[in-house]
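Chain by chain, the residues run as shown.
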Amino acid sequence: MRARAGKSVDMRHFSPRYKPWDQRLCVVPGGDLFKVLKSGKASIATDHISTPSPRTASA
């Protein structure tokens, strides 16, 4: 994955503490995601949600 995503991508976004297969699955046909990460045209941001809150309806 490091070779496809490039050296500048923080690999911790691909190594979560939870088991992602229990929550979601991301499929990247043809490696498009990794191509834009490597080029610097996209980035990834992950975080931990400590307490979920109710969704509010938009007006």
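Located above this text is the structure these notes cover.
Residues numbered from 1 in each chain as written. Predicted model: local features only at pLDDT ≥ 70, side-chain atom pairs only at ≥ 80, totals over all residues. Heavy atoms only, no water.

### Quick notes on the overall build of the protein
Secondary structure summary: the protein contains two helices and zero strands in total. Burial statistics for the protein: of 59 residues in total, 12% are counted as buried. (Helix = DSSP H or I, 4+ residues; strand = E, 2+ residues; numbered from the N terminus. Buried < 20%, exposed > 50% of the residue type's maximum accessible area, 1.4 Å probe, protein only.)

### Focus on the environment of valine 36
Examined against the element boundaries, valine 36 turns out to sit in helix H2 (residues 32-39). Remark: the alpha-carbon pair of valine 36 and alanine 5, spanning 31 residues in sequence, is separated by 8.2 Å. Among residues more than four places away in sequence, those in contact with valine 36 are Lys41 and Ala42. (Contact = heavy atoms within 4.5 Å.)

### So, the pattern of salt bridges
Per the counting criterion, the structure on display carries one salt bridge. Put simply, aspartate 32 and lysine 35 hold a salt bridge, and the shortest N to O gap is 4.0 Å. Here lysine 35 and aspartate 32 lie together in helix H2, a separation of three residues that amounts to about one turn. (Salt bridge = Lys/Arg side-chain N within 4 Å of Asp/Glu carboxyl O.)

Take it as geometry only, folks, not as evidence of what the structure does.
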